[in-house]
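Residue-level structural notes
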Amino acid sequence: MVRILAREGLLHEWDSVLALSQSSGRGQLRRPWSSPSGNIYSAIRLPYDAPHLDDIASLTVGYLLAEALNAQGVRVALKWPNDLLLENRKTGGVLLEDFGGALFAGIGINVVSSPPVSELRDGWAVPATNLRAEGCKLSVMTLWQTLVNRVRFCYETQVVRCNREELTRRVQLHLAWVGREIIIHGGDEEYRPGRLLGVNENGALRLLLSGQEIAVHSGSIALSSHTDLPI
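None of these values were measured; they are calculated from a predicted model. (Residues numbered from 1 in each chain as written. Predicted model: local features only at pLDDT ≥ 70, side-chain atom pairs only at ≥ 80, totals over all residues. Heavy atoms only, no water.)

1. Things to note about the overall build of the protein chain
The cut-off we apply is this: Put simply, DSSP marks the helices as runs of H or I at least four residues long and the strands as runs of E at least two long, and each gets a number from the N terminus on. Accessibility here uses a 1.4 Å probe with only protein chains present; expressed as a share of the type maximum, an area under 20% marks a residue as buried, one over 50% as exposed, and anything in between as partly exposed. Contact definition: two residues touch when any of their heavy atoms are within 4.5 Å.
Each helix and strand counted, the protein chain has four helices and eleven strands in total. Counting the 231 residues in the protein chain, one finds 48% classified as buried. Relative to all contacts within the protein chain whose residues are 6 or more apart in sequence, the contacts with residues 24 or more apart total 60%.

Below, the structure is given as structure tokens:
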């Protein structure tokens, strides 16, 4: 639907589409995404070639959503590279797509329901939760309109004025698991535990591995079952 609307010139920058349910939702790496009614399944058209909506666009959008949700009293954290956590449980995610010279952020947020453990990736996916279970009572329409307005306001009044160093600092204020031991899955350092230090100005994960800091550019992360080690 988003592709059709964009092709017909019916979606302008910051316009969004909200679905009540999906029959074939997908997440990162084309993994299935459970899409029952009552949650947010949406896409926002972002400004193209705009500040910080380039190689770090996923982190920028994640930061904007975290800011917007926190402004509503929903204390989410940003799990690198593109998930939203609430009380260390996944409640949403961001997927960037570029087609036809237009950039879109696909956003899924568990509002009233979340997938059971049986539908999650064994050993890697964090448990899921939803906003209703954590006390948020806003309706889907009210919440989405509030988030869209807040995301755009924050981007246009704050983010565009930041350099990379300042934006990186802001992102890290919301970053989950800083200082904790994690394991990388599906990346260059697969299955090797290290201490999460933060992100760098290119959006890569800063990881302390065998006493040396390295940059991880791809993969998924999970908390290690090992005892956290001092940096």
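2. Re the pairing of strand β3 (residues 76–79)
Applicable threshold: In this analysis, strands are considered paired if DSSP registers two or more bridges between them.
Here four bridges tie β3 to strand β4 (residues 83–86), and the two strands are oriented antiparallel to one another. Looking across to β4, one finds that Val76 is bridged to Leu86. Where β3 folds back onto β4 in an antiparallel hairpin, the turn is made up of three residues.

3. Remarks on the layout of surface pockets
Note the threshold: Using protein atoms alone on a 1 Å grid, points that fit a 1.4 Å probe yet trap it form a cavity, whereas open point sets bounded by protein on both sides within 12 Å along at least five of seven lines form a pocket; residues with an atom within 4 Å of a point count as lining. Grid points are joined across faces, edges and corners, and a volume is the space filled by probe spheres set on the points. For this classification, the nonpolar set comprises Ala, Val, Leu, Ile, Met, Phe, Trp, Tyr, Cys and Pro, the charged set comprises Asp, Glu, Lys and Arg, and every other residue, Gly included, is treated as polar.
In this structure, the second largest pocket occupies an estimated 230 Å³ of space. Around the second largest pocket, the lining is made up of 16 residues, and of these Asp55, Trp80, Pro81, Gly203 and His217 lie nearest the centre. With three residues, helix α2 (residues 57–71) is the largest single contributor of residues to the lining of the second largest pocket. Partitioned by chemical class, the residues of the lining of the second largest pocket number seven nonpolar, eight polar and one charged.

4. Here we look at empty space enclosed by the protein
If you roll a probe as big as a water molecule over the atoms, it shows you where there is empty space left. All told, the structure shown has one cavity of 30 Å³ or more when counted by the stated rule. Space inside the largest cavity adds up to approximately 60 Å³. Lining the largest cavity, in full, are Ile56, Leu59, Thr60, Leu167, Thr168, Val171, Val199, Asn200, Glu201, Asn202 and Gly203. The set of elements that each furnish at least two residues to the lining of the largest cavity consists of α2 and α4 (164–174). Here the element with the most residues in the lining of the largest cavity is α4; it accounts for three residues.

5. Examining the nonpolar core
What counts here: In this text, buried Ala, Val, Leu, Ile, Met, Phe, Trp, Tyr and Cys residues form a nonpolar core when linked through side-chain atoms within 4.5 Å.
Counting 55 residues, the largest nonpolar core has Leu46, Leu53, Trp80, Trp177, Ile182, Leu205 and Ile221 as its most contacted members. Among the elements that take part in this core, α2 stands out by supplying nine residues, more than any other. Ranked by size, the runner-up nonpolar core spans eight residues in total, among them Val2, Val17, Ala43 and Phe99.

6. Structural notes on the confidence of the model for the protein chain
Basically, it comes down to this: pLDDT is a per-residue confidence score from the predictor, ranging from 0 to 100.
Confidence along the protein chain averages 86 in pLDDT terms, with 85% of residues attaining 70 or more. Considering only residues more than four positions removed or in separate chains, one finds that residues 227–231, a stretch of pLDDT under 50, has ten contacts.

7. Topic: the pattern of salt bridges
Our working definition: For this document, the term salt bridge refers to a Lys or Arg side-chain nitrogen within 4 Å of an Asp or Glu carboxyl oxygen.
Tallying each qualifying case throughout the model produces nine salt bridges. Here Asp55 and Arg164 are joined by a salt bridge, their closest N and O atoms 2.8 Å apart. Residue Asp55 is found in the loop between β2 (40–46) and α2, and its partner Arg164 is found in helix α4; the two are separated by 109 residues along the sequence. On the accessibility criterion, Asp55 (52% relative accessible area) is exposed. Two residues, Glu156 and Arg152, come together in a salt bridge whose shortest N-O distance is 3.0 Å. A residue pair is termed a helical-turn pair when its members lie 3 or 4 positions apart in one helix, as Glu156 and Arg152 do in helix α3 (residues 140–157) at four residues. A cluster of three or more residues bridged by salt bridges with shared partners is formed by Asp54, Asp55 and Arg164.

8. As for the packing of α2 against α3
Which entries qualify depends on this criterion: Lines fitted to C-alpha atoms define the axes here, with helix axes fitted over just the stretch in contact, and angles between the N-to-C directions of these axes take values from 0 to 180 degrees. Throughout this description, any angle smaller than 35 degrees is read as roughly parallel, any larger than 145 degrees as roughly antiparallel, any in the 65 to 115 degree range as roughly perpendicular, and the remainder as oblique. The sense of a crossing depends on the near helix, which, turned anticlockwise from the far helix by less than a right angle, makes the crossing left-handed and, turned clockwise, makes it right-handed.
Put simply, α2 and α3 touch, their axes get as near as 9 Å, and they point 120° apart. Taken together, the axis directions place α2 and α3 in an arrangement best described as oblique. Regarding α2 and α3, the two cross each other, and that crossing is right-handed. Two secondary-structure elements touch here, α2 through Tyr63, Leu64, Leu65, Glu67, Ala68, Leu69 and Ala71 and α3 through Leu143, Leu147, Arg150, Val151, Cys154 and Tyr155. Across the contact of α2 with α3, the residue classes tally to eleven nonpolar, no polar and two charged.

9. A few points about the packing of aromatic side chains
What characterises a pair of aromatic rings is the spacing of the ring centres plus the angle enclosed by the ring planes. This is how the line gets drawn: Side-chain rings of Phe, Tyr and Trp (the six-membered ring for Trp) are treated as a pair once their centres are within 6.5 Å; stacked means planes under 30 degrees apart, edge-to-face means over 60, and tilted covers the remaining angles.
Within the structure shown, the criterion is met by two aromatic pairs. A centroid spacing of 5.6 Å and a plane angle of 50° characterise the contact between Trp14 and Tyr155, whose relative ring orientation is tilted. Of the two residues, Trp14 sits in the loop between α1 (2–7) and β1 (16–19) while Tyr155 sits in helix α3, which places them 141 residues apart along the sequence. Residue Trp14 shares its accessibility class with Tyr155, and that shared class is buried. Residues Phe99 and Phe104 carry aromatic rings whose centres are separated by 4.9 Å and whose planes lie at 10° to one another, so their mutual orientation is stacked. Since its relative accessible area comes to 15%, Phe99 is described here as buried.

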